[in-house]
Amino acid sequence: MAFKPGLSEAKRPAGVPPGEGRSRQVASTLDDIDRQILVELNRDGRMSIRTLAETLHISRANAYARVQRLRETDVIRGFRADVNHVAAGMGTSAYVTVNLRQAEWRIVGERLRTLPGVVHIALVGGDFDVIMLVRAKDNTDLRRLVLDEIQGMPEVVNTRTLLVFEEFEPPTAAATWEEEK
């Protein structure tokens with residue numbers, strides 16, 4: 001049973017998790033106020049609806065309804081903490097590329113998702129099949145993750161590890177929308 005965009009959480013069919021079965025909404029359906037909401041929530045995901053409404057000079061009911069719609073259409077997928085990985089004890093970062101047996105990508109993808117320290121996984125086309133951003137306590141922990149865990153999967157043909165020396169914060173998508181106005 002498909003979950004149609006715009007249905008409230010209470011009207012979601014039983015057994016259909018949030019976001020499941022939704023069709024993707026085109027970003028062009030966002031108006032200026034929606035984009036401003038994204039900018040503000042990107043700056044402070046804990047901002048109250050009242051503060052958001054006051055900041056954008058709209059009613060609380062309008063702000064609440066818009067945030068709900070953005071959540072229901074999967075434009076806003078959640079609210080997360082912006083963690084300083086070094087301060088949290090994960091001082092080593094690397095991009096790991098993976099080549100695998102083509103027919104096994106679903107199996108490998110599910111296993112990779114369970115590994116501690118894996119921040120992002122993307123199935124890509126080109127010289128390798130998967131690229132991942134991983135964080136580890138130190139180089140020893142990274143070696144264990146790559147050599148024992150990832151290369152230990154029978155479906156993995158080979159890996160390449162690209163150690164990150166320094167990271168820079170790019171502008172967020174919401175900030176980019178703000179600049180386009």
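In this text the structure is predicted, and so the values were computed from the model without any measurement.

About the thresholds
Residues numbered from 1 in each chain as written. Predicted model: local features only at pLDDT ≥ 70, side-chain atom pairs only at ≥ 80, totals over all residues. Heavy atoms only, no water. Core = buried A, V, L, I, M, F, W, Y, C linked by side-chain atoms within 4.5 Å. Buried < 20%, exposed > 50% of the residue type's maximum accessible area, 1.4 Å probe, protein only. Helix = DSSP H or I, 4+ residues; strand = E, 2+ residues; numbered from the N terminus. Contact = heavy atoms within 4.5 Å. Salt bridge = Lys/Arg side-chain N within 4 Å of Asp/Glu carboxyl O. Axes fitted to C-alpha atoms, helices over the stretch in contact; angles between N-to-C directions. Parallel < 35°, antiparallel > 145°, perpendicular 65-115°, else oblique. Left-handed = near helix turned anticlockwise from the far one by under 90°. Nonpolar A, V, L, I, M, F, W, Y, C, P; charged D, E, K, R; others polar. Pairing = 2+ DSSP bridges. Arc of directions from axis to C-beta. Polar contact = N/O pair within 3.5 Å; in protein donor to acceptor, adjacent residues only side chain to side chain.

Draft legend 1. Structural detail: the nonpolar core. Ranked by size, the top nonpolar core spans 18 residues in total, and within it Val96, Val98, Leu112, Leu115, Met132, Val134 and Ile150 carry the most contacts. Elements that contribute at least two residues to this core include exactly β1 (92-100), α4 (105-113), β3 (130-136) and α5 (139-150). Every residue in contact with Met132, bar those within four places of it in the chain, is listed here: Ala94, Tyr95, Val96, Val98, Leu112, Val118, His120, Ile121 and Ile150.

Draft legend 2. Seen up close, the pattern of salt bridges. According to the stated counting rule, one finds 10 salt bridges in the structure shown. The closest approach of N and O atoms between Glu167 and Arg135, which form a salt bridge, is 2.8 Å. A residue pair is termed long-range when its members are at least 10 positions apart, and Glu167 in the loop between β4 (156-163) and α6 (173-180) and Arg135 in strand β3 qualify at 32 residues. For Glu167, a relative accessible area of 36% corresponds to the partly exposed category. The network of salt bridges with shared partners includes Asp31, Asp34, Arg66 and Arg69.

Draft legend 3. Local environment of the packing of helix α1 (residues 32-43) against helix α2 (residues 49-56). Relative to each other, α1 and α2 sit at 125°, their axes nearing to 11 Å. As judged from the angle between their axes, α1 and α2 are oblique. Our pair here, α1 against α2, has a crossing hand that is right-handed. Taking contact as the criterion, the partners of Ile33, Gln36, Ile37 and Glu40 in α1 are, on α2, Leu52, Thr55 and Leu56. Looking at the contact of α1 with α2, its residues break down into four nonpolar, two polar and one charged.

Draft legend 4. Spotlight on the environment of Glu166. For Glu166, the position within the fold is in the loop between β4 and α6. Taking the C-alpha atoms as reference points, Glu166 and Thr92, separated by 74 residues in sequence, lie 9.9 Å from one another.

Draft legend 5. Quick peek at the pairing of strand β2 (residues 118-123). Bridge analysis of β2 against β3 gives five bridges, and the strand direction is antiparallel. Within β3, the residue paired with Ala122 across the bridge is Ile131. Counting the residues that bridge the hairpin from β2 to β3 gives six residues, and of these Gly126 lies at a positive phi of roughly 130°.

Draft legend 6. A look at α5. Three or more residues of α5 are buried, namely Leu142, Leu145, Val146 and Ile150. For α5, the arc enclosing every buried residue in end-on projection is 85°, short of the 170-degree limit, so these residues lie on one face. Sitting at the amino-terminal end of α5 is Asp138, which places a side-chain oxygen 3.2 Å from the backbone nitrogen of Thr140.

Draft legend 7. Structural view of unusual backbone geometry. The residue His57 is not glycine, and still its phi comes out positive at about 60°. Among the structural elements, His57 can be located in the loop between α2 and α3 (60-72). Judged by relative accessible area, His57 falls into the exposed class, the value being 73%. Backbone geometry places Asp74, a non-glycine residue, at a positive phi of 70°. Inspection of the secondary structure puts Asp74 in the loop between α3 and β1. Residue class for Asp74 comes out partly exposed when judged on its relative accessible area of 37%.

This is a description of form; function is not addressed.
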